[in-house]
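# Remarks on the overall topology
One-letter residues, chain by chain:
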Amino acid sequence: MFGLEDIMLSLEAPMVYAYDFKGYYLDDQLQKLNISLSGSADFKPNPEAILEADPDLIIVQQYSTDEKGYAELSKIAPTIAFAPDDWKSSIVEIGKALGLEDKARAVIQAHEEKLKQAQDTIIQAVGSDKTVAFVRPSDKDLQVFFPSFNLVYTDFGLKPDSSIADLQKKSEDGWGINLSLEDLPLITADYVFAIYGGSIDTEDAHQEAVGTAKQIEKLQIWKSLPAVKKNQVFKVSSRHWMSSGPIAESMEADDVVNAVTGKF
């Protein structure tokens with residue numbers, strides 16, 4: 001198992017090896033399983049460690065290995081690769097491969113019910129007309145993410161800030177756009193969810209991103225944002241917000257509910 005631990009944990013499927021690193025959002029759950037764990041900065045499988053774990057089946061993210069790496073893993077045990085982009089499709093296919101299809105569909109149903117409950121709570125708390133933006137500031141620029149990138153825009157009763165649609169028309173990328181920090185005033189959303197760093201950053205890189213965040217928050221142009229003035233900017237962890245799976249999205253739902261209900 002490599003790179004799809006969120007799905008495997010949700011299925012309660014047996015694992016003998018998994019990816020883990022300090023600060024990983026699944027770290028606590030994986031540590032309790034008494035399985036072989038390893039992590040690398042380049043998010044690549046370790047064939048030697050996997051061989052030692054002696055798996056019956058290897059499941060990897062498509063993006064975590066190339067054709068040569070896939071062939072090497074296939075020599076250890078039958079290997080299947082799934083894209084992490086659409087975890088609902090992947091969990092059903094993985095469930096079929098493991099004889100856990102019913103469990104997979106139950107996970108999806110429970111997840112959809114949680115999102116619906118979260119949406120109802122948010123609309124009851126703030127109404128259905130509040131706008132949101134999902135961004136990642138750095139010391140050089142501002143990444144603004146589009147609705148197709150994250151469910152904060154689509155599943156919680158919040159509307160994308162009008163600037164998001166305007167920016168999307170100017171971009172050929174489906175995920176988002178990079179703006180200069182001088183363009184921060186374009187973001188007029190009622191709520192801003194800001195992440196710093198990446199999902200598999202080392203602890204040093206994560207702390208560096210946190211330091212950058214503190215510097216940006218001192219800028220007058222940042223303080224001028226409507227969401228900042230209303231104390232409605234919420235810093236969220238890239239560890240789960242930039243990951244895919246039922247556990248990650250459940251944590252995101254909790255973050256949004258807690259943010260708009262004042263419990264963040």
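First, a word on scope: everything that follows refers to the structure included in this document. (Residues numbered from 1 in each chain as written. Predicted model: local features only at pLDDT ≥ 70, side-chain atom pairs only at ≥ 80, totals over all residues. Heavy atoms only, no water.)

### With respect to the nonpolar core
We count it as follows: The criterion is simple. A nonpolar core is a set of buried Ala, Val, Leu, Ile, Met, Phe, Trp, Tyr and Cys residues joined through side-chain atoms within 4.5 Å. In this scheme, a residue with accessible area under 20% of its type's maximum is buried, one over 50% is exposed, and one in between is partly exposed, where area comes from a 1.4 Å probe on protein chains only. Strands here are runs of E lasting at least two residues and helices are runs of H or I lasting at least four, both read from the DSSP assignment and numbered beginning at the N terminus.
V144, V152, F156 and F193 are the most contacted members of the largest nonpolar core, which has 45 residues in total. No other element matches strand β9 (residues 191-196), which puts six residues into this core. Counting 26 residues, the second-largest nonpolar core is a separate cluster that includes Y24, I59, W87 and A248.

### Some points on the side chain of E252
What counts, and what does not: Neither His nor the chain ends is counted toward charge; the positive residues are Lys and Arg and the negative residues Asp and Glu. Every case where a carboxyl oxygen of Asp or Glu lies within 4 Å of a side-chain nitrogen of Lys or Arg is listed as a salt bridge. Any two residues whose heavy atoms approach within 4.5 Å are treated as being in contact.
Inspection of the secondary structure assignment puts E252 in helix α12 (residues 246-260). In this structure, E252 is buried with no salt-bridge partner, the nearest side chain bearing the opposite charge being K114 at 11 Å. Not counting residues within four places of it along the chain, the set of residues in contact with E252 comprises N150, L151, H240, W241 and S243.

### A few points about the pairing of β9
Which entries qualify depends on this criterion: For two strands to count as paired, DSSP must find a minimum of two bridges between them.
Burial within β9 is extensive, with six of its six residues counted as buried. Going residue by residue along β9, you find Y191, F193 and I195 tucked away on one face and V192, A194 and Y196 tucked away on the opposite face as well. Where strand β5 (residues 131-137) and β9 come together, four bridges link them in parallel fashion. Across the sheet, the residue bridging to F134 is F193, located in β9. Across five bridges, the pairing between β9 and strand β10 (residues 233-237) is parallel. Residue pairing for β10: I195 is matched across the bridge by V236.

### Examining the side chain of H240
Position of H240 among the secondary structure elements: in helix α11 (residues 238-241). In contact with H240, other than residues within four places in its own chain, are Y25, A248, M251, E252 and D255.

### Observations regarding α12
Along an α-helix, residues three or four positions apart point the same way, because every turn accommodates 3.6 residues. Definition in use: Any helix carries an expected span of 1.5 Å times its number of residues minus one.
In a regular helix each residue adds 1.5 Å, so 15 residues correspond to 21 Å; α12 covers 21 Å between its end C-alpha atoms and thus fits that length. Across the 15 residues that make up α12, a large majority, twelve, are buried. Within the sequence span of α12, burial applies to P246, I247, A248, E249, S250, E252, A253, D255, V256, V257, A259 and V260. One or two steps after α12, the chain reaches G262, where phi turns positive at roughly 80 degrees.

### A few points about the packing of helix α6 (residues 101-126) against α12
Describing two packed helices takes the angle between their axes plus the distance from one axis to the other. Operational definition: To define axes, lines are fitted to C-alpha atoms, for helices over the stretch in contact only, and angles between the resulting N-to-C directions are given on a 0 to 180 degree scale. Should an angle fall under 35 degrees it is called roughly parallel, over 145 degrees roughly antiparallel, and 65 to 115 degrees roughly perpendicular, with every other angle called oblique. Put simply, Ala, Val, Leu, Ile, Met, Phe, Trp, Tyr, Cys and Pro go in the nonpolar bin, Asp, Glu, Lys and Arg in the charged bin, and everything else, Gly too, in the polar bin.
Contact geometry of α6 with α12 gives a least axis separation of 9 Å together with a crossing angle of 10 degrees. Accordingly, the angle class assigned to the pair α6 and α12 is roughly parallel. Contact residues: V107, H111, K114, L115, A118, T121, I122, A125 and V126 in α6; P246, E249, S250, A253, D254, V256, V257 and V260 in α12. The class makeup of the residues in the contact of α6 with α12 is eleven nonpolar, three polar and three charged.

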